[in-house]
Amino acid sequence: MFQFILKRCLLMIPTLLGVTIIVFLMLQIVPGDPVNTILPADATEEDRLRVEQELGLDQPLVVQYLSWLGRTLEGDFGRSIIKQLEVGTLLFDAMKNTFILAIGAAFFSFILSLIIGVYSAYHPKSWIASFGNMIGLTGVSIPNFWAALLLIGLFSVILGWLPSTGMSGVGGGGGSFDMLKHMILPSIAAGMTTLGVMTRMIRSTVIDLLQKDFVITLKAKGASSYIILMHVLKNCTPTILTVAGLQFGYLIGGSVLVETVFSWPGVGQLIYQAISQRDFPIIQAGVLMVSIVFVLLNLMVDLLHAVIDPRVRHA
Amino acid sequence: MITENTGQLSNPVILNKEEKEDSRFKEFSRRFLKNRPAFLALILLGIIVISTIMAPIIAPYDPYEGEITNRLQVIGAEGHILGTDEQGRDILSRILYGGQLSLLAGIVPVLIAGLIGGSLGVMAGYFGGMINTIIMRTLDIFYAFPAILLAIGISAALGQGIDNIIIAISIVFIPPVARIAESAVKEVREEEFIEAARTTGAKNFSIIRYHILMNIFSRVFVYCTTQISISLVLASGLSFLGLGVSPPTAEWGVMLNNLKEQIFINPLVTVIPGLFIFISALTINLVADGFRDALEIKQ
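To start, this report covers the structure provided alongside it. For clarity, every value in this text was computed on a predicted model and none was experimentally measured.

Conventions used here
Residues numbered from 1 in each chain as written. Chains lettered and ligands numbered in written order. Predicted model: local features only at pLDDT ≥ 70, side-chain atom pairs only at ≥ 80, totals over all residues. Contact = placed C-beta atoms within 7 Å. Helix = DSSP H or I, 4+ residues; strand = E, 2+ residues; numbered from the N terminus. Axes fitted to C-alpha atoms, helices over the stretch in contact; angles between N-to-C directions. Parallel < 35°, antiparallel > 145°, perpendicular 65-115°, else oblique. Left-handed = near helix turned anticlockwise from the far one by under 90°. Nonpolar A, V, L, I, M, F, W, Y, C, P; charged D, E, K, R; others polar. Core = buried A, V, L, I, M, F, W, Y, C linked by C-beta atoms within 7 Å. Buried ≥ 20, exposed ≤ 12 C-beta atoms within 10 Å, placed from the backbone.

Taken together, the contact pairs 40 residues of chain A with 35 residues of chain B. Mapped onto the side of chain A that touches chain B, the elements with two or more residues apiece are α1 (2-28), α6 (127-141), α7 (144-158), α10 (225-253), α11 (256-262), α12 (267-277) and α13 (280-308) of chain A. Element by element, the count of residues in the side of chain A that touches chain B is highest for α7 of chain A, at eight residues.

To describe two helices that pack against each other, one gives the angle between their axes and the distance between the axes. Residues and elements named next belong to chain A. The contact between helix α5 (residues 87-122) and α13 brings their axes to 10 Å, and the two run at 50 degrees. When the axis of α5 is compared with that of α13, the two are oblique. In the crossing of α5 with α13, the sense of the turn from one axis to the other is right-handed. Of the residues in α13, those touching α5 at Val 87, Leu 90, Leu 91 and Met 95 are Pro 281, Ile 282, Ala 285, Gly 286 and Met 289. Of the residues in the contact of α5 with α13, the class split is eight nonpolar, one polar and no charged.

Time to look at unusual backbone geometry. At Ser 263 of chain A, a residue that is not glycine, the phi angle is positive and equals roughly 50 degrees. Looking at where Ser 263 of chain A falls in the secondary structure, it is placed in the loop between α11 and α12.

Now for the nonpolar core. Counting residues in each nonpolar core, the largest one holds 149 residues, and the members touching the most others are Ala 148 and Ile 271 of chain A together with Ala 151 and Val 177 of chain B. The contacts of Ala 148 of chain A, once residues within four sequence positions are left out, are Ala 189, Val 258, Val 261 and Phe 262 of chain A.

The next point concerns helix α10 (residues 252-259) of chain B. The buried fraction of α10 of chain B amounts to eight of the eight residues, a majority that puts the element mostly inside the structure. Turning to α10 of chain B, its buried residues number three or more, namely Trp 252, Gly 253, Val 254, Met 255, Leu 256, Asn 257, Asn 258 and Leu 259 of chain B.

Structure representation (structure tokens):
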């Protein structure tokens, strides 16, 4: 097991290096000279050279990359051009909020998909199964930012039941109940795709398992349907876990649009503002940070998978 | 006369090429037509596509001219079946014109990624060894990014514009297409007829052209069709973030972005543009599922 962990961790290093290279190059394709945005219009050629030197822009690309990587590893993500704040601080706060929303969306979609998926595998002709089919198809086709707008229109504007923006109400005291109320709509909107994907996947996994010999043997031995269900669930756990882990990663990375609609103060909202203000250090660091979290999540899923399923360890 | 050996063995019993292709296509259409939801979805999708192409003829109003006194009309309002937007422009006309760009942004990235990713995957899968390692490991890095975030990062760096959105989404889609093509080629490469072709002296190029591509095409094709709906939703999302066309140009994502501020005045105002993105994506998904079943491909 130790060997497996070590091997997976070592394999992660080239991936992470590759990620930093792509994120670094992303900023290089920005059209226009970054020096021009810093210098006043009447700057002389000498000023220009001085600024270039200060920023290290006169160095070869490889040197620029390495010094950027060095600073990033020390936790120095640079300063926001517009907000004049440390990007690192801005991002860490936002990341926390993005996690909160992702957990809400995961909670909503994982539980619902498990119930609908397993039930419709057992009763393929029931109305819940048709409903599950519909959810599976809707979830993968619906733009989540549109779902967000519809939810606001219905539950905030027409019915007035739930708040439409932010994490806490004005004068709401910021208590956990207040935050939960603010989380409901964004969680549903963000979790819609995951709900669709997972419902489809769980249903087909359980249907496959129900036809396996061991289930037939259990039935022949007269095992109760509860015991059979437990056996089935145990066998589909590795598959579900892998997909769930990946989906959680997508929830963190894909929440940009939903966060924007709900003004949820997460990384997505931060990146959205940065796009309109052309504040590139934030976009760069934001993409980098979410991707690192994404890679780490995938690693955790692999390790968990190995803990549950010994076959993976020895493969 | 010496012709290049393609490695195809002639066999008089087998139907000639045209007839074989013909019967294969017939079999495919027979299976596809039997799939009711997929067939209906194809018709609906066709109607949407044709209406957007014919927008200049069938649109009731100019998509850019609005009456400010007539803004935010509800669905079913007199003279404006789908209502008017925040500047009093006819939503139906803007939907029809906007669909051209939105649908294009759904299809073009998949075509580009299919060509580039497909070629990379075929090269990696066919030649194996070092070439495979270099191509596939490089593309693997892209899996470390959540797709939407990578697309946002690239198109934010490239700057506003629907062309940049198309480039960004194409880049995001290349690695998965390459992976599908590579694994399909690897399977086919081990087949006996490839070995037979090689022993008869066929060149790499002809083997790829006549044997590999023919055998992997349907798998890559089906995978690509499933990506069109994702590309459509992704592109409209990037547009929604303000990375796509600039106003007043009509495009479904941008329309949603402009209308989102009006939701507190008319809560149903965002229904229509989103519904068109949704229905287009849904029908594309159903058609793709139909293709997959008709070609009997398991993914």
